[in-house]
Amino acid sequence: VQLVESGGGLVQAGGSLRLSCVVSESTSRFNFMRWVRQEVGNERERELIAGRTRAGATNYKDSLKGRFTCSRDDAKNTMHLQTENLKSGKTAVYCCVAGMAYGEGDEYSLWGQGVQVTVSS
């Protein structure tokens with residue numbers, strides 16, 4: 001299974017980007033899909049940006065609520081992250097993650113290579 005992200009790049013603070021993730025197989029089998037962010041040079045730390053379950057429930061990093069919107073389309077095997085009013089900061093890589101959660105922290109996940117986002121001041 002391949003997950004391929006696109007839509008990253010350089011944007012000015014206050015701008016927006018639409019990130020996309022295309023999966024090579026049906027996404028309907030994944031009970032969760034997420035966007036995870038890693039700062040370049042600090043790849044040990046990953047932060048969950050947004051996620052959407054197969055049932056349609058979404059969750060967001062608290063500081064991003066209202067500015068980021070995560071959507072998934074299982075008919076097209078895609079997930080998107082619409083970002084608005086981006087804040088300047090360190091360059092980060094946004095990774096698409098898809099997988100199955102079995103409860104009690106047990107889960108199986110697949111990761112894309114990620115797409116780089118730089119927000120300039």
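Here the structure is shown first, and the text comes after it.
Residues numbered from 1 in each chain as written. Predicted model: local features only at pLDDT ≥ 70, side-chain atom pairs only at ≥ 80, totals over all residues. Heavy atoms only, no water.

## Structural notes on the nonpolar core
No. 1: Membership of the largest hydrophobic core comes to 26 residues, with the highest contact counts inside it found for L19, W35, I49, F68, L81 and Y94.
No. 2: Residue assignment for this core shows that the elements contributing at least two residues are β3 (17-23), β4 (32-39), β5 (42-53), β7 (68-73), β8 (78-83), β9 (92-103) and β11 (115-120).
No. 3: Among all residues touching L19, those that are not within four sequence positions of it are S6, G7, G8, W35, M79, H80, L81, Y94, V115 and V117. (Core = buried A, V, L, I, M, F, W, Y, C linked by side-chain atoms within 4.5 Å. Buried < 20%, exposed > 50% of the residue type's maximum accessible area, 1.4 Å probe, protein only. Helix = DSSP H or I, 4+ residues; strand = E, 2+ residues; numbered from the N terminus. Contact = heavy atoms within 4.5 Å.)

## What to know about the environment of D74
No. 1: Among the secondary structure elements, D74 is positioned in the loop between β7 and β8.
No. 2: Separated by 44 residues in sequence, D74 and F30 have C-alpha atoms that sit 9.4 Å apart.
No. 3: Discounting residues that sit within four places of it in the chain, D74 has contacts with T27, S28 and R54.
No. 4: Looking at D74, its side chain comes within polar contact range of the side chain of T27, at 2.6 Å. (Polar contact = N/O pair within 3.5 Å; in protein donor to acceptor, adjacent residues only side chain to side chain.)

## Brief notes about the pairing of β7
No. 1: Taking every second residue as pointing to the same face, the buried face of β7 carries F68, C70 and R72, while none of T69, S71 and D73 on the other face is buried.
No. 2: Where β7 lies against β8, six bridges are found, and the strand directions are antiparallel. Bridging across to β8, T69 finds its partner in Q82.
No. 3: Two successive antiparallel strands, β7 and β8, enclose a turn made up of four residues, where N77 displays a positive phi of approximately 55 degrees. (Pairing = 2+ DSSP bridges.)

## Some points on the state of the cysteines
Disulfides are covalent bonds that connect the sulfur atoms of two cysteines.
No. 1: Per the stated rule, a full pass over the model turns up one disulfide.
No. 2: Covalent S-S linkage joins C21 and C96, the inter-sulfur distance amounting to 2.0 Å. Disulfide C21-C96: the torsion about the S-S bond is -75 degrees, which places it as left-handed. A residue pair is termed long-range when its members are at least 10 positions apart, and C21 in strand β3 and C96 in strand β9 qualify at 75 residues.
No. 3: C21 gets classed as buried once you look at its relative accessible area, which sits at 0%.
No. 4: This cysteine, C70, is not joined by any disulfide, and C96 carries the nearest cysteine sulfur, 8.8 Å off.
No. 5: Cysteine C95 shares no disulfide, and the gap to the nearest cysteine sulfur, in C96, comes to 8.7 Å.
No. 6: A relative accessible area of 2% places C95 in the buried class. (Disulfide = S-S within 2.5 Å.)

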